Amino acid sequence: YNTIITKLLQNALISSRKGQKFVTVERAAMARPSTVASPASVDIEEKKKVIDAFGATTYTVIERMRCELSGIPLDKKTADGYGSLFGESYTKPTNIALDVISTIVALEKGQVSASEARGHILKMVKRLSDVPTYKGLFPEDLIIRDGALKPEVKDGRVSFSTLDSGWMTYAL
């Protein structure tokens, strides 16, 4: 992941030098690899500007992925705004973790008020408090039903994820 993020930042820096602005990470990722600068050629202040821009963009993208009814960030959002997939909405703990982290960054950057950030984070913590874990590990997939999170059960089993749980632990 570090290599991918480094390449994205480098591509964004090169493009920002050319006067281009990226609105999304996806557009930054599409920049041509031949324009990537070596890390030594990028100054610290430029890196900070790009990281700040990505922080603001990340919050905006994640905020748009929230389910309109529950406020929970969806894994995929459909045109109806609910993320329906075969009649149900779903997410992953990593989505919720990145939502919490980006909300804290947005608060620090002045994108949201303290009351908005606190209210949203408390809502996510409350929703997570009802999710069953296995020795601290969160289920890999979470179904959203009536604003509550339930583990996805396939063939009578719940799959738990160390990667998703790591992000969640870091966020909380």
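Residues numbered from 1 in each chain as written. Predicted model: local features only at pLDDT ≥ 70, side-chain atom pairs only at ≥ 80, totals over all residues. Heavy atoms only, no water.

Structural notes on the overall build of the protein chain
In step 1: Scanning the protein chain for helices and strands turns up six helices and three strands.
In step 2: When the helices and strands of the protein chain are listed from N to C terminus, the series reads α-α-α-β-α-α-β-β-α.
In step 3: Within the protein chain, buried positions represent 35% of all 172 residues.
In step 4: In the structure as shown, the protein chain presents an accessible area of about 10700 Å², 57% of it carried by carbon and sulfur atoms. (Helix = DSSP H or I, 4+ residues; strand = E, 2+ residues; numbered from the N terminus. Buried < 20%, exposed > 50% of the residue type's maximum accessible area, 1.4 Å probe, protein only. Areas by Shrake-Rupley, 256 points an atom, 1.4 Å probe, with all protein chains shown as cover.)

Things to note about the environment of Ser-159
In step 1: By the element assignment, Ser-159 lies in the loop between strand E3 (148-151) and helix H6 (162-171).
In step 2: Residues Ser-159 and Asp-141 lie 18 residues apart in sequence; the distance between their C-alpha atoms is 7.5 Å.
In step 3: Ignoring any residue separated from it by four or fewer positions in sequence, one finds Ser-159 in contact with Pro-139 and Glu-140. (Contact = heavy atoms within 4.5 Å.)

Considerations on the sheet that holds strand E1 (residues 89-91)
Pairing between the strands of a sheet comes from backbone hydrogen bonds, and it takes one of two forms, parallel or antiparallel.
In step 1: With antiparallel pairing, the three strands of this open sheet are ordered in space as E1-E2-E3. A strand with exactly one partner marks an edge of an open sheet, and here the two such strands are E1 and E3. Taking the axes of each pair of neighbouring strands and ignoring which way they run, one obtains an average angle of 40° across the sheet.
In step 2: Across four bridges, strand E2 (residues 142-145) lies against E3 in antiparallel orientation. Among the inter-strand pairings, Arg-145 is bridged to a residue of E3, identified as Ala-148. (Pairing = 2+ DSSP bridges. Axes fitted to C-alpha atoms, helices over the stretch in contact; angles between N-to-C directions.)

A look at helix H4 (residues 93-109)
In step 1: Taking 1.5 Å as the rise per residue, H4 with 17 residues should run 24 Å; its terminal C-alpha atoms sit 24 Å apart, in good agreement.
In step 2: Among all positions of H4, only Pro-93, Thr-94, Asn-95, Ile-96, Ala-97, Asp-99, Val-100, Ser-102, Thr-103 and Ala-106 are buried.
In step 3: Against the buried residues of H4 lie helix H3 (44-64), E1, helix H5 (114-129), E2, E3 and H6. (Expected span 1.5 Å × (residues − 1).)

Overview of a nonpolar patch on the surface
In step 1: A cluster of nonpolar side chains, namely Leu-98, Leu-163, Trp-167 and Tyr-170, defines an oily patch on the protein surface of about 420 Å² accessible area.
In step 2: Among the elements that make up the nonpolar patch, the one with the highest residue count is H6 (three residues).
In step 3: Here Trp-167 is to be found in helix H6.
In step 4: A relative accessible area of 36% places Trp-167 in the partly exposed class. (Patch = residues over 30% accessible without salt bridge, like charges linked within 9 Å, V, L, I, M, F, W, Y side chains within 5 Å. Salt bridge = Lys/Arg side-chain N within 4 Å of Asp/Glu carboxyl O.)

Brief notes about the environment of Thr-60
In step 1: Here Thr-60 lies in helix H3.
In step 2: With a relative accessible area of 26%, Thr-60 lands in the partly exposed category.
In step 3: Sequence-wise, Thr-60 and Asp-99 are 39 residues apart; in three dimensions their C-alpha atoms are separated by 9.9 Å.

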